[in-house]
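Results of the structural survey
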Amino acid sequence: MAVDSKFQSMDIDVKIKKFTWRIQNFSSLEVKKLYSEVFTVDGYKWRILIFPKGNHVDHLSIYLDVADSATLPYGWSKYAQVGFGVIDQFDRETSSTRVTQHCFNAREADWGFTTFLCLTELHNPKRGYLLNDECLVEVYVCTDKTLDFISREFIVETDWDELKAKEADCVKAVMDNQKTPTTKPVEMTLPSPAQSSSQTVATEPEEPAEEDMNTFFTSLESELSSSRMLYSKEEAKEALAKIKEALNTTPVNLNDSGKFSPLKQAIMILARFDGSSTTLTIEQKNELLDLEERLKELANRAAKAVQDKDQLTAKESIKQTMTCNLESSLIRYKEVETEVKQVDQILAALREEVEEAQKRKEKMLAERKGIYRSCKEMKMELDALGKELAECEATAKVGEEEEKSVEAEWGRIKDFISSIEAKI
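What counts and what doesn't
- Each residue is numbered by its place in its chain's sequence as written, counting from 1.
- Given that this is a predicted model, residues contribute local features only at a pLDDT of at least 70 and side-chain atom pairs are listed and counted only at 80 or more, while totals for whole chains, interfaces and linings are drawn from all residues.
- The side-chain figures draw on all heavy atoms in the structure; neither hydrogens nor water molecules are used.
- Working definition: rings of Phe, Tyr and Trp (its six-membered ring) pair if their centres are within 6.5 Å, and the pair is stacked with planes under 30 degrees apart, edge-to-face with planes over 60 apart, and tilted otherwise.
- Helix numbers and strand numbers start at the N terminus; a helix is a DSSP run of H or I with at least 4 residues, a strand a run of E with at least 2.
- The buried label applies to any residue whose accessible area, calculated with a 1.4 Å probe on protein chains only, is under 20% of its type's maximum; exposed applies above 50%, and partly exposed to all values in between.
- Definition of nonpolar core: a set of buried residues of the types Ala, Val, Leu, Ile, Met, Phe, Trp, Tyr and Cys, connected through side-chain atoms within 4.5 Å.
- Any two residues having at least one pair of non-hydrogen atoms within 4.5 Å are treated as being in contact.
- Contacts described as polar in this section are N or O atom pairs within 3.5 Å, which, within protein, must combine one atom able to donate a hydrogen with one able to accept it, while residues neighboring in sequence count only if both atoms come from side chains.
- We count a salt bridge whenever a side-chain nitrogen from Lys or Arg sits within 4 Å of a carboxyl oxygen from Asp or Glu.
- In this analysis, axes come from line fits to C-alpha atoms, helices being fitted only over the stretch in contact, and the angle between any two N-to-C directions falls in the range 0 to 180 degrees.
- Put simply, angles under 35 degrees are roughly parallel, angles over 145 are roughly antiparallel, angles from 65 to 115 are roughly perpendicular, and the rest are oblique.
- By the convention adopted, Pro, Cys, Tyr, Trp, Phe, Met, Ile, Leu, Val and Ala count as nonpolar, Lys, Arg, Asp and Glu as charged, and the other residues, Gly among them, as polar.

1. Examining the packing of aromatic side chains
- Applying the stated criterion across every chain, the model contains eight aromatic pairs.
- With a centroid separation of 5.9 Å and 85 degrees between ring planes, the pair formed by Phe 51 and Tyr 63 is classed as edge-to-face. Linking Phe 51 in strand S5 (residues 44-51) with Tyr 63 in strand S6 (residues 59-66), this pair joins segments that are twelve residues apart in sequence. Both residues of the pair, Phe 51 and Tyr 63, count as buried.
- The interplanar angle of 80 degrees and the centroid separation of 5.8 Å between the aromatic rings of Tyr 140 and Phe 154 together place this pair among those described as edge-to-face. Residue Tyr 140 is located in strand S11 (residues 134-142), and its partner Phe 154 is located in helix H2 (residues 152-157); the two are separated by 14 residues in the primary sequence.

Structure, rendered in structure tokens:
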């Protein structure tokens, strides 16, 4: 199904970016997870990832994801401090917020909270998380490690003036539904600077008389008493039960649960209750009226303590990640070192073979030169022998003729001797 959403970004500070994601028809979402539009912070592309029905839990799950992590260079990492907020559109101060820090990398490209906000609380119609079935998600991102600005107070107070009028209308509508008396706004006109100045110059305020002051405050007390709303004992008991219920939870849960608005009403009821047998002292009433601020202070201190612990956990996670990366790099360094030694051994063996082959080559070249010289000498001898052979052939022919002549002469001598012998 198509998802209706609006996405806006703005620069809160030079170093801090705020992103607002307004998801419409939230209760009708059928997807398991949902991504926001991509936005850029410090050269990196980011997007918000939520699991509307929880990431295998009964809570809304929310994360910040590096959108192009698959295409980033090997070994990339990016630090970011991140603040998440799901805004209570009835009362921004009771919004659900969490802050964390993380060093994003290829193995941990998204980071956030799996159990961010209980689904029961998210869909509670008395809360403003899904006003008109529209969920308002805010994310604050800072990539400067030297800054630590993002906090629950920072998220809640950001753009307060811009949203104040709208939230006031929402609160009024809820109060009307609960049949709680409301006060009509009073239009006030301040005197102009000129009027104020002229009046100040014209007359000096008179010193009030003791009788006038007593009369004024007696009249004021009477007016306030007559206009003060009276509460029954049952309402006081119900208010007391709400306060005790709030005190039975932890300060951090009280800070995140958005119970300050009903708690404020309960404290007011209890402080104004004036039963005949349970009249509170002025000190007790004053302490009750200060109770909301004290509880808020304690809840904020507890939230700050949790944030500090979360920050420690995040830094320990960053340290662990960096330690793992260093260990992996060290292992790879040793592997490369061993491979380099093996390659050196191969190169040394090859150099020996090259040197041996070079020696064989030089020996063969020397042998070739020797063969060349020997063959050249034999060729010269052969050429000389050819010339001698021609002379020998001519001499041999002469010798052959001489041999025949000698044989013939020899034969004649033999014949002569034989003729002499016959005569003797």
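2. Quick word on the nonpolar core
- Counting 34 residues, the largest nonpolar core has Ile 23, Phe 26, Trp 46 and Leu 122 as its most contacted members.
- Contributing elements (two or more residues each) for this core: strand S2 (16-24), strand S4 (39-41), S5, S6, strand S7 (77-86), strand S9 (110-118), helix H1 (119-122) and S11.
- Beyond its immediate sequence surroundings of up to four residues, Leu 122 is in contact with Phe 26, Leu 60, Val 86, Leu 117, Tyr 129 and Leu 130.
- Listed in part, the 14 residues of the second largest apolar core include Ala 239, Ala 246, Leu 263 and Ile 267.

3. Let's talk about the side chain of Gln 89
- Relative to the assigned elements, Gln 89 resides in the loop between S7 and strand S8 (96-105).
- Within the structure, Gln 89 has its side chain in polar contact with the backbone oxygen of Glu 134 (distance 2.9 Å).

4. Examining the pattern of salt bridges
- Under the definition given, this model contains eleven salt bridges.
- For Asp 42, the salt bridge identified is with Lys 78, shortest N-O distance 2.5 Å. Of this pair, Asp 42 sits in the loop between S4 and S5 while Lys 78 sits in strand S7, and the two are 36 residues apart along the sequence.
- Residue Asp 42 is classed as partly exposed on the basis of its relative accessible area of 45%.

5. Looking at unusual backbone geometry
- The backbone of Asn 25 shows a phi angle near 50 degrees, a positive value even though the residue is not glycine.
- As for its placement among the helices and strands, Asn 25 is situated in the loop between S2 and strand S3 (34-35).
- Looking at Asn 25, the relative accessible area reads 36%, which means it is partly exposed.
- Within the chain, Asp 42 stands out as a residue other than glycine whose phi angle is a positive 55 degrees.

6. Let's talk about the packing of helix H9 (residues 282-289) against helix H10 (residues 291-423)
- Closest axis-to-axis distance for the H9/H10 pair is 4 Å, and the angle between their directions is 45 degrees. Between H9 and H10, the angle falls in the class oblique. Contact with H9, carried on its side by Glu 287, Leu 288 and Leu 289, involves Leu 291, Glu 292 and Arg 294 of H10 and no other residues of that element.
- Among the residues forming the contact of H9 with H10, the class breakdown is three nonpolar, no polar and three charged.

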